[in-house]
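What follows is each chain in one-letter form.
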Amino acid sequence: PQAAVTISLLLAMISQTFSSVVMLMEGEAQRTGQLLLRGTYFALPQFNLFDLSARVSYGWGPIPSTTIVQLFIYGAMHVAVWLTLGTLKFQRQAL
């Protein structure tokens, strides 16, 4: 369990850093590179979307329910994709 927490935290930090770097590199890349970077950016989970602390901290008002629903759907889609990939991988292996 401790290793899972550590790996999850590392993944979250790497994901945030990687998404920032990809957005910075996109302007400098050629057309093919831009498409590849944009595809990678949208394929990986964006954990920073779930951080609504700035919105709450700066008093921007309540978070609309549509935003909460969209974040829930976004998270559920990523969970479904990773569970499907895991299921496909372990179906072929003998336990």
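Residues numbered from 1 in each chain as written. Predicted model: local features only at pLDDT ≥ 70, side-chain atom pairs only at ≥ 80, totals over all residues. Heavy atoms only, no water.

### Concerning the overall build of the chain
Part 1: When helices and strands are tallied, the chain shows four helices and zero strands.
Part 2: Secondary structure of the chain in N-to-C order comes out as α-α-α-α.
Part 3: Per-residue burial for the chain yields a buried fraction of 12% across its 95 residues.
Part 4: Excluding contacts between residues fewer than 6 apart, the proportion of contacts in the chain whose partners are at least 24 apart in sequence is 45%. (Helix = DSSP H or I, 4+ residues; strand = E, 2+ residues; numbered from the N terminus. Buried < 20%, exposed > 50% of the residue type's maximum accessible area, 1.4 Å probe, protein only. Contact = heavy atoms within 4.5 Å.)

### Structural notes on the layout of surface pockets
Part 1: Estimates place the volume of the largest pocket at around 270 Å³.
Part 2: Taken together, Ala 4, Ile 7, Ser 8, Leu 11, Ile 14, Ser 15, Leu 44, Pro 45, Phe 47 and Trp 82 make up the lining of the largest pocket.
Part 3: Here the lining of the largest pocket gets six residues from one element, more than from any other, and that element is helix 1 (residues 2-26).
Part 4: Residues that form the lining of the largest pocket fall into these classes: eight nonpolar, two polar and no charged. (1 Å grid on protein atoms, 1.4 Å probe; cavity = no way out; pocket = protein on both sides within 12 Å on 5 of 7 lines; lining within 4 Å. Points joined across faces, edges and corners; volume = space filled by probe spheres on them. Nonpolar A, V, L, I, M, F, W, Y, C, P; charged D, E, K, R; others polar.)

### Things to note about the confidence of the model for the chain
Part 1: Across the chain, the average pLDDT comes to 81, with 98% of residues at or above 70.
Part 2: Mean pLDDT across the secondary structure elements of the chain bottoms out at helix 3 (residues 53-57), with 76, and peaks at helix 4 (residues 65-91), with 89. (pLDDT = per-residue confidence, 0-100.)

### A short note on the packing of aromatic side chains
Part 1: Applying the stated criterion across every chain yields a total of one aromatic pair.
Part 2: In this structure, Lys 89 packs its charged tip against the face of Phe 90, placed 5.5 Å from the ring centre. (Phe/Tyr/Trp six-rings, centres within 6.5 Å; stacked < 30°, edge-to-face > 60°. Lys NZ or Arg CZ within 6 Å of the ring centre and 35° of its normal.)

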